[in-house]
Amino acid sequence: MNIPTNIPMPDGMTKEEIKEVLLREEYGYLPPKPDKVYAEEVETEEKFCAGKVIRKSLKIHFEAEFGKGSFPVNFTYPKSDKKVPLFVHINFRPDVPDRYQPTEEICDRGYAVMSFCYKDVTDDKNEFESGIAKLIYPNGRKNPTDCGKLGIWAWAAMRCLDYAVTLPQIDSDRISVVGHSRLGKTALLSGMMDERFYCAISNDSGCGGAAIARGNTGETINDIDRQFSYWFCENYKKYIDNEDNMPFDQHWLLVANLPHKVYVASAKEDLWACPPNEYLSCILADKYYRDAGKNGFIHPDRLPETGEVLHEGDIAYHIREGRHYLSREDWNYFIDYLER
Ligand code: GTR
């Protein structure tokens, strides 16, 4: 495979330095972590999914230096004598199950899921007054390097983690964060911000997520900025039609997920997310995982074929048939990997 040589590599940089570049230039700085996080149980269903699963509706409350707030979360877990691993799923909808969250199948495989609807945290709109954004940014005013919406959704995923690690039924060493598309970008950002995650899983995250920006044949920074500038911080605009001058590229986001695992999933027909560049990111991050004493990205020296599943390393990848979607097939591959 031809690996481009014009892509900046974070050689000799610490994780903190890499993270700093990504926050300053792309995502913006996230709010500080809260002093206190706790959950209120709103509703419990003891016999969910044929009685195999317990479902709870929760409200996650936090007390932070910028204020007190809450957002709704669903928590489902299989009845088990042993501690179970967990997915924190940043979802598009609050539904359980949901077309992107086959809850019964996930629980049948021995996994719990804590999910929230991203819009219940703050709207997916160019404003900073909805949901918890108004606490973080009083009067909706934010500085150019403050985080955009991806950062706020990622912050909420970390609050789920804060609560989840306190639960006796959850194996706190096996909590992964997962999201699709814009929420796949968010999952990788959450993974970078929080070392407690076991694995950060990006499904079809594309531009501003797993996909290398240089030479992206799908969505460009120009495209994403026209509709979704508020996902990022203002510095990101410097790279509109100017990818070649980025001092970083998206594989830095994978590298900054060290020391934990990272999983990148692509779909064959999802050309907007540019699968070859999602794969390239994994290849470029490989060396840094190895340097950190991990197994890197174990892959063939060619583009993957559709249906190929690369689970040998601490960076994992698959590409499946079909379009932009978080499917049961994707979930099964994620679980196969985490079970290894
Ligand atoms: C698209 C956006 C992509 C991706 C997708 C999604 O319109 O341009 O970057 O995030 O939305 O989240 O569904």
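In this report, the structure presented in the accompanying data block is examined. Source: prediction; values computed, not measured.

Description of the site of the ligand
Around the ligand sit Ser181, Arg182, Lys185, Glu219, Ile224, Phe228, Trp231, Trp272 and His324, and those are all the residues in its vicinity. Take His324: an N or O atom from its side chain is 3.5 Å from an oxygen atom of the ligand. Elements with a contribution of two residues or more to the shell around the ligand: α6 (182-193) and α7 (221-228). Of the residues that constitute the shell around the ligand, the class distribution is 4 nonpolar, 2 polar and 3 charged.

Considerations on the environment of Glu278
Topologically, Glu278 is positioned in helix α9 (residues 275-291). Glu278 sits in the buried class, given a relative accessible area of 1%. When the C-alpha positions of Glu278 and Val73 are compared, they lie 30 Å apart, and in sequence the two are 205 residues distant. Those residues in contact with Glu278, other than ones at most four positions away along the chain, are Asp204, Ser205, Gly206, Ala210, Ala211, Val264, Ala265, Ser266, Ala273 and Tyr317.

Considering empty space enclosed by the protein
Following the criterion strictly, the structure yields 1 cavity of 30 Å³ or more and no others. Each pocket or cavity is described by its volume, and for the largest cavity that value is around 40 Å³. Lining the largest cavity are Pro85, Leu86, Phe87, Tyr111, Arg174, Ser176, Tyr198 and Leu338. Elements with a minimum of two residues in the lining of the largest cavity: β4 (84-91) and β6 (170-180).

A short note on the pairing of strand β7 (residues 199-203)
Burial analysis of β7 places 5 of its 5 residues in the buried class, the great majority of the element. Pairing of β6 with β7 involves 5 bridges; the strand directions are parallel. By the bridge assignment for β7, Ser176 is matched with Cys199. Regarding the hand of the β-α-β motif, the stretch spanning β6, α6 and β7 is right-handed.

Here's the deal with α6
The periodicity of an α-helix, 3.6 residues per turn, causes residues three or four positions apart to be oriented the same way. Along its 12 residues, α6 runs 17 Å from first to last C-alpha, staying within 8% of the 16 Å computed at 1.5 Å per residue. Across the 12 residues that make up α6, a large majority, 11, are buried. Among the residues of α6, those classed as buried are Arg182, Leu183, Gly184, Lys185, Thr186, Ala187, Leu188, Leu189, Ser190, Gly191 and Met192.

The rules behind these values
- Each chain has its residues counted from 1, running along the sequence as written.
- Local features in this predicted model are restricted to residues of pLDDT 70 or higher, and side-chain atom pairs are both shown and tallied only at a pLDDT of 80 or more, whereas totals for entire chains, interfaces and linings draw on every residue.
- Values reported for side chains reflect all heavy atoms of the structure, with hydrogen atoms and water molecules removed beforehand.
- In this text, near means that some heavy atom of the residue lies within 4 Å of the molecule or strand in question.
- Under this definition, polar contacts are N or O atom pairs within 3.5 Å; protein pairs additionally need one hydrogen-donor-capable and one acceptor-capable atom, and for neighbouring residues in sequence, both atoms have to be side-chain atoms.
- Here a helix means four or more residues in a row that DSSP labels H or I, a strand means two or more in a row labelled E, and each is numbered from the N terminus.
- Each residue receives one of three labels: charged for Asp, Glu, Lys and Arg, nonpolar for Ala, Val, Leu, Ile, Met, Phe, Trp, Tyr, Cys and Pro, and polar for the others, Gly being one of them.
- In this scheme, a residue with accessible area under 20% of its type's maximum is buried, one over 50% is exposed, and one in between is partly exposed, where area comes from a 1.4 Å probe on protein chains only.
- Two residues form a contact once any of their heavy atoms are found within 4.5 Å.
- Residues are said to line a cavity or pocket when one of their atoms sits within 4 Å of a point; the points come from a 1 Å grid over protein atoms alone, cavities being sets where a 1.4 Å probe fits but cannot get out and pockets being open sets with protein on both sides within 12 Å along at least five of seven lines.
- Grid points are joined across faces, edges and corners, and a volume is the space filled by probe spheres set on the points.
- Following DSSP output, two strands are said to pair if at least two bridges run between them.
- For the handedness criterion, the strands are oriented away from the viewer, and a crossover whose path from the first strand over the helix to the second runs clockwise is classed as right-handed.
- Here a helix's expected span is defined as the number of its residues, less one, multiplied by 1.5 Å.

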